[in-house]
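Chains, contacts and geometry: an overview
Single-letter residue listing:
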Amino acid sequence: RSREVERSGRTSSTGEFKVLNVSAGPSFQAIVTHPDFLELRSDPFPVEAGAQIEGLLLKVRAGGKLLVWVRSPEEALVPGARVDLERQRVEEDPGQAEGGDRRQFFMQRRFDRQSRFTSQEGKATFGGLEGALYTVNLSVEGCQPFQRKDISVVEDQVAECMAKLLPENAIAGVVLD
């Protein structure tokens, strides 16, 4: 039975890091997360008893960035609106096509779903995104729900989405007897 233990640390301003209190074992993996970069997972490596592993070089790649601007029906920028972002699934199951493990395809990946609130400028920023198609959803009181599908995000580039809200539908009248 395998046992997973997590140790974490922060990098310095020059990117240097040191993780202490690591037990010896046959397979370790370094995982680097940063909001502006793609998650990086190193190849597994062993740690012998008493080892001091130095010079480990981990090169991160810039992820894509999506800026979502939210405007009211009156064209005003909307601060404080919750914007939900969801990565769209691909149609074909690559694990099944190659005879692989189907469970891997259906496992939710980090950042498949994210939420942000718009800033005072009416902008929500999502960074460190994998290149893929995304869907933006938001609901603001007094407005119709907004959804935009098939927003293309490319790694190391900035995509934008303008969410122009429409007033909520209403029916009014008078009932007479």
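For the structure, check the block above.
The notes below deal with the structure included here. Keep in mind the model is a prediction, meaning the values are calculated, not measured. (Residues numbered from 1 in each chain as written. Predicted model: local features only at pLDDT ≥ 70, side-chain atom pairs only at ≥ 80, totals over all residues. Heavy atoms only, no water.)

With respect to the sheet that holds strand β8 (residues 123-129)
- A sheet is described by the order of its strands in space; here three strands give the open sequence β8-β5-β11, paired in mixed fashion. The strands lining the two open edges of the sheet, one partner per strand, are β8 and β11 (158-164). The average undirected angle you get between the axes of adjacent strands in this sheet is 15°.
- With seven bridges joining them, strand β5 (residues 64-71) and β11 adopt parallel strand pairing. Note on β11: the bridge partner recorded for arginine 71 is lysine 164. (Pairing = 2+ DSSP bridges. Helix = DSSP H or I, 4+ residues; strand = E, 2+ residues; numbered from the N terminus. Axes fitted to C-alpha atoms, helices over the stretch in contact; angles between N-to-C directions.)

Section: the nonpolar core
- Within the largest apolar cluster, 23 residues are counted, with the highest numbers of intra-cluster contacts made by Leu66, Val68, Val70, Val136 and Leu138.
- Elements represented by at least two residues in this core include exactly β5, β6 (82-87), β8, β9 (132-138), β10 (146-153) and β11.
- With four residues, the single largest contributor to this core is β9.
- The residues touching leucine 66, leaving out its near neighbours within four places in the chain, are Leu85, Ala124, Thr125, Phe126, Leu129, Val136, Ile151, Val153, Ala159, Glu160 and Cys161. (Core = buried A, V, L, I, M, F, W, Y, C linked by side-chain atoms within 4.5 Å. Buried < 20%, exposed > 50% of the residue type's maximum accessible area, 1.4 Å probe, protein only. Contact = heavy atoms within 4.5 Å.)

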